[in-house]
Each structure stands twice: as C-alpha cells, then as structure tokens.
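Here's the letter readout for the chains.
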Amino acid sequence: MSLDDDPEHARELLRRSVERYYNAPLEAVAKIQAMFAGWPAEAAEWLNSYMRAGARHVIVRLAADDHHVALEKVAGQVLPLLRLHGRP
C-alpha cells in the first residue's frame, strides 16, 4: 500500500518499493499480490471491500520512503474509516 495526496506519486512510490524488494516489475508482482496506491480514503474503501467479503485479518506492507510517516497516515486517515467486525 502506498498513500499520497497525489495518486501518481503514490503509484511511483509503490513501483519503486515493489521493484526494489522483489527485483521484478510491478505488473508481474501485482498479478499475485493485492496492491493499492492512492488517497487514504480510497485505501480505506479498498480494505473495506475485503472486510465485506469476509476477511478477518489483513496484513499491510507500506511502500514509502519514510515508514513512520506512512504508518501515522494509515493510523490517522485510513483506520478510522474501516468498518471493523461488522460495525458501520
């Protein structure tokens, strides 16, 4: 997951992170692994779609230059929008 107010920049951060970690093109890795790049509110909706489908556990790897900042963004802007355990 890569979050940014500029979706193009989020996608570039995701690409750099994935290609460095897996030594493979983003498109190849995306065929076997769920990925998201974009706005925090859209990330919450993306995660909520998995929860509506029955997911009870989600592991998020952050694609970011500064993981502390990215984690704060997830905690402050994504988690509050998640519908956990059937709650609205």
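Residues numbered from 1 in each chain as written. Predicted model: local features only at pLDDT ≥ 70, side-chain atom pairs only at ≥ 80, totals over all residues. Heavy atoms only, no water.

Caption draft 1: Region of the structure containing the overall build of the protein. Secondary structure assignment for the protein yields four helices and two strands. For the protein, whose C-alpha radius of gyration is 13 Å, the value lies close to the compact-globule estimate of 12 Å for 88 residues. On the principal axes, the C-alpha backbone points of the protein span a range of 40 × 25 × 20 Å. Burial analysis of the protein (88 residues in total) assigns 31% to the buried set. Across the protein, every contact between residues at least 6 apart in sequence was considered, and the portion connecting residues at least 24 apart equals 62%. Of the accessible surface of the protein, which amounts to about 6,100 Å², a share of 56% is contributed by carbon and sulfur atoms. (Helix = DSSP H or I, 4+ residues; strand = E, 2+ residues; numbered from the N terminus. Rg over C-alpha atoms; globule rule 2.2 N^0.38 Å. Buried < 20%, exposed > 50% of the residue type's maximum accessible area, 1.4 Å probe, protein only. Contact = heavy atoms within 4.5 Å. Areas by Shrake-Rupley, 256 points an atom, 1.4 Å probe, with all protein chains shown as cover.)

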